[in-house]
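Each chain, written out:
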Amino acid sequence: MKPSSSTTSAPTAPGEPAEGALSSRAGLLNGIAAYSMWGLVPLFWPLLMPAGAMEILAHRMTWSLVVVGVVLLVLRRWSWAGELIRQPRRLALVTVAAAVITVNWGLYIWSVNNNHVVEASLGYFINPLVTIAMGVLLLKERLRPVQWAAVGTGLAAVLVLAFGYGQPPWISLALAFSFATYGLVKKKVNLGGVESLAAETAIQFLPALGFLLWLGARGELTFGAEGGGHAVLLALTGVVTAVPLVCFGAAAIRVPLSTLGLLQYLAPVFQFALGVLYFKEAMPPERWAGFGLVWLALTLLTWDALRTARANRARAAELAAQLLTAPAPLATSVEEAPGPEIVAVAEDPAPRP
């Protein structure tokens, strides 16, 4: 789902906000709500104990399909499913996306319920840097000097943290690479957020349901065995997955990509704050140093993205002005003018932790 370009609507009555301003404000509020919910989700997973991470994951996949199925039924948006089934390549990519996000979800739930919230938050801090690195290695994209500096600073952060931990921060790296891979595959599939989640959870559904039935046969299923409240909480995993995604979808079509790129840092900031202040996880000096380097890298990346977006807008405005004054001579130059470089700041709408 791609954000639409901003438009300027005609003013209404004096003192009354323009329609475009209302839409932008609604998009901003939806974006804040989505990333805030993703940032606060570490408070939810411990409520599901004594269920293990694998059982929670299976319930999340199962109930998410139920929730998005209801949403699609209400919206009457089913035509995409037939088209997807008739395209084996896209269906294969959806299967890959489902497998990768399964690893991401499962590892994140395990991390939160085993006191690794801070390390998990680091994974989503470094995710934009990993996305850029994958763009260079896999897509042969070219980076500007500031982007190279940001990636280098991020690498230095990983080395500092590896020294502090005595080993690389595997949880952070696995979360970052799995989510970056998921975003890359989703861009190839090109499905909307709700539709994408429906397709992925449809693929996850049978294995997840089979695992739950296997746990039940072994007498290890907590659903129903720990009371009605516990069963309701497990069923709510579908709502916890789908609602932030719906809010993100509402934001993505109303606010610029650069705004979403800034909002995406809300989630790991909230997760980090919860890990330190609520879960009381340790923050030795070397961990602070590593996080400081990551934040420096993200500051460089964000500054460069905003500067580039501003320069591209100015160049587009200048070309448009020249086109209005001398359309014929500039027709060729406009066609040949290089387009703005793609800056990896915001991720594709994807189910977050």
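Everything numeric here is computed off the predicted structure, so don't read it as measured data. Residue numbers here run from 1 along each chain, matching the order of that chain's written sequence. Local features in a predicted model are, by the rule used here, given only for residues with pLDDT of at least 70; side-chain atom pairs are given and counted only at 80 or more, and totals for whole chains, interfaces and linings are based on all residues. For side-chain calculations, the full set of non-hydrogen atoms in the structure is used, while hydrogens and water are omitted.

J.: Provide a residue-level description of unusual backbone geometry, including the pertinent values.
T.: Along the chain, methionine 49 connects to proline 50 via a cis peptide bond; the corresponding omega equals 20 degrees. Starting at the N terminus, helices and strands are each numbered in turn, a helix being any DSSP run of H or I of at least four residues and a strand any DSSP run of E of at least two. Topologically, proline 50 is positioned in the loop between helix H1 (19-40) and helix H2 (53-75). Positive phi outside glycine occurs at asparagine 115, with the angle close to 65 degrees. Structurally, the position occupied by asparagine 115 is in the loop between helix H4 (88-113) and helix H5 (117-139).

J.: How would you explain the pattern of salt bridges if you had to name every residue and give the values?
T.: Salt bridges, as used here, are contacts in which a Lys or Arg side-chain nitrogen is within 4 Å of a carboxyl oxygen on Asp or Glu. Overall, the coordinates contain 5 salt bridges when judged by the stated rule. Notably, a salt bridge pairs arginine 77 with glutamate 195, separated by 2.5 Å at the nearest N-O pair. Of this pair, arginine 77 sits in the loop between H2 and helix H3 (79-85) while glutamate 195 sits in helix H8 (residues 193-217), and the two are 118 residues apart along the sequence. Close ionic contact of aspartate 304 with arginine 144 constitutes a salt bridge, the shortest N to O distance being 2.9 Å. Of this pair, aspartate 304 sits in helix H13 (residues 285-325) while arginine 144 sits in the loop between H5 and helix H6 (145-165), and the two are 160 residues apart along the sequence. We call a residue buried when its accessible area falls under 20% of the maximum for its residue type, exposed when it is over 50%, and partly exposed in between, using a 1.4 Å probe and counting protein chains only. Classification of arginine 144 as buried rests on a relative accessible area of 12%. Residues joined in a network through salt bridges with shared partners are Arg144, Asp304 and Arg307.

J.: Explain the packing of aromatic side chains residue by residue, including any values.
T.: Two aromatic rings from Phe, Tyr or Trp, using only the six-membered ring of Trp, form a pair when their centres are within 6.5 Å; if the ring planes differ by under 30 degrees the pair is stacked, by over 60 it is edge-to-face, and anything between is tilted. Inspection of every chain in the model, using the stated rule, returns 17 aromatic pairs. Consider the rings of phenylalanine 125 and tryptophan 295, whose centres lie 5.9 Å apart with planes at 75 degrees: the pair is edge-to-face. Of the two residues, phenylalanine 125 is situated in helix H5 and tryptophan 295 in helix H13; the sequence distance between them amounts to 170 residues. By way of ring pairs, the aromatic residues Phe125, Phe272, Trp288, Phe291 and Trp295 are connected into one cluster. The ring of tryptophan 105 has arginine 60 sitting right over it, with the charged end atom 4.1 Å from the ring centre. Placement of a positive charge over a ring is assigned whenever Lys NZ or Arg CZ falls within 6 Å of the ring centre and within 35 degrees of the normal to the ring plane.

J.: Lay out the confidence of the model for the protein chain in plain terms, naming residues and giving numbers.
T.: The quantity known as pLDDT measures the predictor's confidence residue by residue, on a range of 0 to 100. Scored by pLDDT, the protein chain has a mean of 84; 86% of the residues are at 70 or more. Per-element confidence in the protein chain is highest for helix H9 (residues 228-235), whose mean pLDDT is 95, and lowest for helix H14 (residues 327-336), whose mean pLDDT is 48. Should any heavy atoms of two residues lie within 4.5 Å, those residues are counted as being in contact. Throughout residues 1-16 the model reports pLDDT below 50, and contacts reaching past four residues in sequence, or to other chains, amount to 21 contacts.

J.: Account for the side chain of threonine 302, naming residues and giving values.
T.: Here threonine 302 shows up in helix H13. In this structure threonine 302 comes out as buried when scored by relative accessible area, which is 12%. Among residues more than four places away in sequence, those in contact with threonine 302 are Leu262 and Tyr265.

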